[in-house]
Amino acid sequence: MDIVEEIKEIARRAKEQVEKINSASDLLSWEKSVLGRKSRLSQLMRNIKDLPLEQRREAGHIANQVKQELQEIAAKLKSSLQQAEKQKQVDVTWPGEKPQRGHLHPVSLVQRELEDIFASLGFIIEDGPELESEYYNFDALNIPAYHPARDMQDTFFTVGGDVLRTHTSPIQVRAMQKYGAPLRLIAPGRVFRYEASDASHDFVFHQVEGLMIDKDISIANLIAIAKEFLSRIFTQDVEVRVRPGFFPFVEPGFEMDLTCILCQGKGCSACKRTGWMEFMGAGLVHPRVLEAGGIDPQEFSGFAFGFGLDRLIMLKYRIDDIRLFHSGDVRFLQQF
Ligand code: FA5
């Protein structure tokens, strides 16, 4: 085939190929194969100078024409592909992408639910410092230094001698000093204990403290309030019972159980066939604690309770490992 014919053939095939191109990357490869330095067209153009004069003129002319024409085709296609890409970006009919929305952590969710329940019963929501003095965490709660009751909870101490609060009970005395009596509050918050974690223990967890001080407050008030908020949280009738328990800041002190909400009190493996589940510590506020809060124990009495919020949530949602709360696993968190 003579050189002019071959150039024409190259042009014909190149035009045929370019028809099928619909992406910028395909266009780039096409340009490279047809017009690139190693392309057959470029090779032929380099050979033109060795042809006899007449042939050289004709071949040179055709080659330049073809090259220019193919370059123009490439430029046009490039701009129309860019245009199409732009249109795609602003096409209002293009299906939208659903943004991932955040939501509340189960601890925040149930804490808010509890706050609403207690607010409806006339309780205020109180807060306290997580870095607490030994005085409020222990002494004011009738746990003097060197008293063995300090060993009931394993404590993180700071170099300065403060502690990461081991329970929410210090808020009792702080609130009594702040508001005096009568007083009704709950105080939810994070607490810290220097202990190994397992499926039901963490070293950072949440408690909710409850305190009600007035004239003639008795265990009957404690039981009524506990039954009320638990029935509302579990959206079913819940019974509670009290057993003797020791906490230095209450007298008498109790452990409070609730009917097993998994078997409705019939007895199952979760409640060790007893129909009851251990739930919280409670009791009547010790006169020394009232005094530390500046309240006269001759005039006022009160009850206090403290429970593990994480454990309540585990029961409510049937969660079997407390460590999931801090795992940061979105598959777990997305379920709430
Ligand atoms: C107390 O902390 C008392 N301050 C409660 C109290 C308040 C009693 C007012 C009387 C009057 P206790 O150490 O038992 O008590 O802890 C209370 C609850 O916290 C437990 O019933 C349990 O539900 C939860 N809890 C205790 N340790 C852990 C832990 N490591 N991980 C998760 N929850 C825990």
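Residues numbered from 1 in each chain as written. Predicted model: local features only at pLDDT ≥ 70, side-chain atom pairs only at ≥ 80, totals over all residues. Heavy atoms only, no water.

## Focus: the packing of aromatic side chains
Phase 1: Inspection of every chain in the model, using the stated rule, returns 15 aromatic pairs.
Phase 2: With 6.5 Å between their ring centres and 50 degrees between their planes, Phe-229 and Phe-279 make a pair best called tilted. Of this pair, Phe-229 sits in helix 8 (residues 219-234) while Phe-279 sits in strand 8 (residues 276-285), placing them 50 residues apart in sequence.
Phase 3: Members of the aromatic cluster, joined through ring pairs, are Phe-118, Phe-123, Phe-229, Phe-279, Phe-303, Phe-305 and Phe-307.
Phase 4: Across the ring face of Tyr-136, the terminal group of Arg-174 is positioned such that the distance to the ring centre comes to 4.1 Å. (Phe/Tyr/Trp six-rings, centres within 6.5 Å; stacked < 30°, edge-to-face > 60°. Helix = DSSP H or I, 4+ residues; strand = E, 2+ residues; numbered from the N terminus. Lys NZ or Arg CZ within 6 Å of the ring centre and 35° of its normal.)

## Quick word on the pattern of salt bridges
Side chains carrying opposite charge are able to pair once their charged atoms draw close together.
Phase 1: Tallying each qualifying case throughout the model produces 17 salt bridges.
Phase 2: With a shortest N-O distance of 2.9 Å, Glu-69 and Lys-15 are connected by a salt bridge. Highlighted residues: Glu-69 in helix 4 (residues 53-90) and Lys-15 in helix 1 (residues 3-18), separated in sequence by 54 residues.
Phase 3: Glu-69 sits in the partly exposed class, given a relative accessible area of 35%.
Phase 4: Between Glu-299 and Lys-215 there is a salt bridge, with its nearest N and O atoms 3.3 Å apart. Placement of the pair is Glu-299 in the loop between helix 9 (287-292) and strand 9 (301-308) and Lys-215 in the loop between strand 5 (204-214) and helix 8, with a sequence separation of 84 residues. (Salt bridge = Lys/Arg side-chain N within 4 Å of Asp/Glu carboxyl O. Buried < 20%, exposed > 50% of the residue type's maximum accessible area, 1.4 Å probe, protein only.)

## Examining the packing of helix 1 against helix 3 (residues 40-47)
Phase 1: Contact geometry of helix 1 with helix 3 gives a least axis separation of 10 Å together with a crossing angle of 155 degrees. Between helix 1 and helix 3, the crossing angle belongs to the class labelled roughly antiparallel. The handedness of the crossing between helix 1 and helix 3 comes out as left-handed. For the pair formed by helix 1 and helix 3, the contact residues are Ile-3, Glu-6, Ile-7 and Ile-10 on the first element and Arg-40, Leu-41 and Leu-44 on the second.
Phase 2: Class assignment of the residues belonging to the contact of helix 1 with helix 3 gives a composition of five nonpolar, no polar and two charged. (Axes fitted to C-alpha atoms, helices over the stretch in contact; angles between N-to-C directions. Parallel < 35°, antiparallel > 145°, perpendicular 65-115°, else oblique. Left-handed = near helix turned anticlockwise from the far one by under 90°. Contact = heavy atoms within 4.5 Å. Nonpolar A, V, L, I, M, F, W, Y, C, P; charged D, E, K, R; others polar.)

## Quick look at the domain arrangement of the protein
Phase 1: Taken as a whole, the protein is organised into domain 1 (3-89) and domain 2 (106-333).
Phase 2: With centres defined by C-alpha atoms, the gap from domain 1 to domain 2 works out at 81 Å. (Domains from an automatic or database assignment.)

## As for helix 4
Phase 1: Spanning 38 residues, helix 4 covers 56 Å between terminal C-alpha atoms, matching the ideal 56 Å at 1.5 Å per step.
Phase 2: Of all the residues in helix 4, the buried ones are Ala-59, Gly-60, Ile-62, Ala-63, Val-66, Leu-70, Ala-74, Leu-77 and Leu-81.
Phase 3: The inward-facing, buried residues of helix 4 abut helix 1, helix 2 (24-35) and helix 3. (Expected span 1.5 Å × (residues − 1).)

## Section: the site of the ligand
Phase 1: Near the ligand you find 24 residues, and of these His-167, Ser-169, Arg-193, Glu-195 and Asp-202 are the closest.
Phase 2: A distance of 2.8 Å separates a nitrogen atom of the ligand from a polar side-chain atom of Glu-195.
Phase 3: One nitrogen or oxygen atom from the main chain of Asp-202 is found 3.0 Å from a nitrogen atom belonging to the ligand.
Phase 4: Here the ligand has 680 Å² of accessible area as a free molecule, and 91% of this is covered by the chains.
Phase 5: For the shell around the ligand, the secondary-structure elements that each account for two or more residues are strand 5, strand 8 and strand 9.
Phase 6: Looking at the shell around the ligand element by element, the count peaks at four residues for strand 9.
Phase 7: Taken together, the residues that form the shell around the ligand break down as nine nonpolar, ten polar and five charged. (Near = heavy atom within 4 Å. Polar contact = N/O pair within 3.5 Å; in protein donor to acceptor, adjacent residues only side chain to side chain. Areas by Shrake-Rupley, 256 points an atom, 1.4 Å probe, with all protein chains shown as cover.)

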